[in-house]
Amino acid sequence: MSTLAPLRLLREPWNASEGNQSNATVGVSGGWCQGLDIPNELFLALGLVSLVENLLVVAAILKNRNLHSPTYYFICCLAVSDMLVSISNLAEMLFMLLLEHGVLVMRPSIVRHMDSIIDMLICSSVVSSLSFLGVIAVDRYITIFYALRYHSIMTLQRAVVTMASIWLASTVSSTVLITYYRSNTILLCLIGFFLFMLVLMLVLYIHMFALARHHLHSISSQQKLPTAHRGGSLKGAVTLTILLGVFFICWGPFFFHLILIVTCPTNPFCTCFFSYFNLFLILIICNSVIDPLIYAFRSQELRQTLREVVMCVW
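Residues numbered from 1 in each chain as written. Predicted model: local features only at pLDDT ≥ 70, side-chain atom pairs only at ≥ 80, totals over all residues. Heavy atoms only, no water.

(A) Highlighting the nonpolar core. If you look at the biggest cluster of nonpolar residues, it comprises 76 residues, and the most contacted ones within it are Met-201, Tyr-205, Phe-247, Trp-251 and Tyr-295. Per-element accounting of this core gives the leading share, 13 residues, to helix 8 (residues 226–263). Among all residues touching Phe-247, those that are not within four sequence positions of it are Leu-130, Leu-133, Phe-194, Met-197, Leu-198, Met-201 and Gly-252. (Core = buried A, V, L, I, M, F, W, Y, C linked by side-chain atoms within 4.5 Å. Buried < 20%, exposed > 50% of the residue type's maximum accessible area, 1.4 Å probe, protein only. Helix = DSSP H or I, 4+ residues; strand = E, 2+ residues; numbered from the N terminus. Contact = heavy atoms within 4.5 Å.)

Here's what the structure looks like:
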């Protein structure tokens, strides 16, 4: 089965000899070790849905001047990152299909060069997407805990510097990753970055949830409305679970795959896990589809602007 998704260079461990990989494969012969055959049409469909969704988010934010604030600029950058994930996936899939069917004829050296460029684009979009998820969490934290000082802390100039720094760092890190992808040190840095973002989001969102729950408890005790307190706490808990759950489910398997490449490249069970790499890529693309629903479409003003954009298109 050919892998038509990006990041194929991380699909299998390079730090295991060919013989060891073969022995590992023979060692565990269960059907579940044969991986999951995901049709190219699914990659294409999810990529198109994500592309349209995030393109609409960007168009709505650019159209409405009321949305020209650091918060929505960060959401716009997240949408651009997710859009690049989709574009990279679609570009690489179409590129390989044209090569396989003989429509496009190129020298092997040029094919490798084009593949590296596309892989660099997808790596950059992955790193920037994770970064902006963390920045949005910090921005929301400042909004809640430093509401009166928010506009002096998160100025437009600081927001622009933050966005430019993330895009620059993402480009540099993706270049280093593609160049030295066989280095365990590089992979450990990428894994550490993911764990840092996971812990950051956990701490910030749980702290925000605890504050909201405390405020609800104070209001309900003053007005003697325990039912409203329980309902608000439940809603907040559900929102927190969805937000962090989606992040962990969509990104966790891919980074666990990288951890196994570093720690147990020849273990039979790790080898079985490697065979599901395409599934992990599908989950990342699914995250690009879900992000607008969590971070953008919950805004009433953005939804209204989105309806205007759609009506103009039609």
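Okay, back to it.
(B) Quick look at helix 2 (residues 40–63). With 24 residues, helix 2 extends 34 Å from end C-alpha to end C-alpha; this agrees with the ideal 34 Å at 1.5 Å per step. Of the positions making up helix 2, those classed as buried are Phe-43, Leu-46, Gly-47, Ser-50, Glu-53, Asn-54, Val-57, Val-58, Ala-60 and Ile-61. (Expected span 1.5 Å × (residues − 1).)

(C) Geometry of the UniProt feature "transmembrane region" (unreviewed entry) in the chain. Look at the UniProt record and you will see "transmembrane region" (unreviewed entry) annotated at residues 42–62, 74–97, 117–138, 159–179, 185–212, 233–261 and 273–297. Regarding residues 273–297, the helix share stands at 88% and the strand share at 0%, and the terminal C-alpha atoms are separated by 35 Å. (UniProt positions renumbered as here; feature names shortened; annotations may be inferred.)

(D) Molecular detail of the packing of helix 4 (residues 108–145) against helix 10 (residues 277–296). At a minimum axis separation of 13 Å, helix 4 and helix 10 run at an interaxial angle of 10°. When the interaxial angle is binned, helix 4 and helix 10 end up roughly parallel. On helix 10, the residues touching Ser-129, Leu-133, Ile-136 and Arg-140 of helix 4 are Asp-291, Ile-294 and Tyr-295. Split into classes, the residues belonging to the contact of helix 4 with helix 10 amount to four nonpolar, one polar and two charged. (Axes fitted to C-alpha atoms, helices over the stretch in contact; angles between N-to-C directions. Parallel < 35°, antiparallel > 145°, perpendicular 65-115°, else oblique. Nonpolar A, V, L, I, M, F, W, Y, C, P; charged D, E, K, R; others polar.)

(E) Region of interest: the packing of aromatic side chains. On inspection of all chains with the given rule, the structure shows nine aromatic pairs. The rings of Phe-194, Phe-247, Trp-251, Phe-254, Phe-255 and Phe-277 are connected pair by pair, giving a single aromatic cluster. (Phe/Tyr/Trp six-rings, centres within 6.5 Å; stacked < 30°, edge-to-face > 60°.)

(F) Structural context of the state of the cysteines. Summed over all chains, the structure comprises one disulfide. Here Cys-264 is linked by a disulfide to Cys-270, with a sulfur-sulfur distance of 1.9 Å. Residues Cys-264 and Cys-270 are joined through a disulfide that is left-handed, its torsion about the S-S bond being -85°. Per residue, the accessibility class of Cys-264 equals that of Cys-270, and both read buried. Note on Cys-250: no disulfide assigned, nearest cysteine sulfur contributed by Cys-286 at a separation of 6.3 Å. Since its relative accessible area comes to 5%, Cys-250 is described here as buried. (Disulfide = S-S within 2.5 Å.)

(G) Up close: the environment of Ala-59. In this structure, Ala-59 sits in helix 2. On a C-alpha basis, the gap between Ala-59 and Val-309 in space is 7.4 Å, while along the polypeptide they are 250 residues apart.

(H) Fine view of the packing of helix 3 (residues 70–100) against helix 10. Two elements in contact, helix 3 and helix 10, have axes separated by 9 Å at closest approach and are oriented at 155°. Looking at the two axes, helix 3 sits roughly antiparallel to helix 10. Helix 10 is crossed by helix 3, and the crossing has left-handed handedness. Mapping the contact onto sequence places Ile-75, Leu-78, Asp-82, Val-85 and Asn-89 in helix 3 and Ile-284, Ile-285, Asn-287, Ser-288, Asp-291, Tyr-295 and Ala-296 in helix 10. A class-by-class count of the residues in the contact of helix 3 with helix 10 yields seven nonpolar, three polar and two charged. (Left-handed = near helix turned anticlockwise from the far one by under 90°.)

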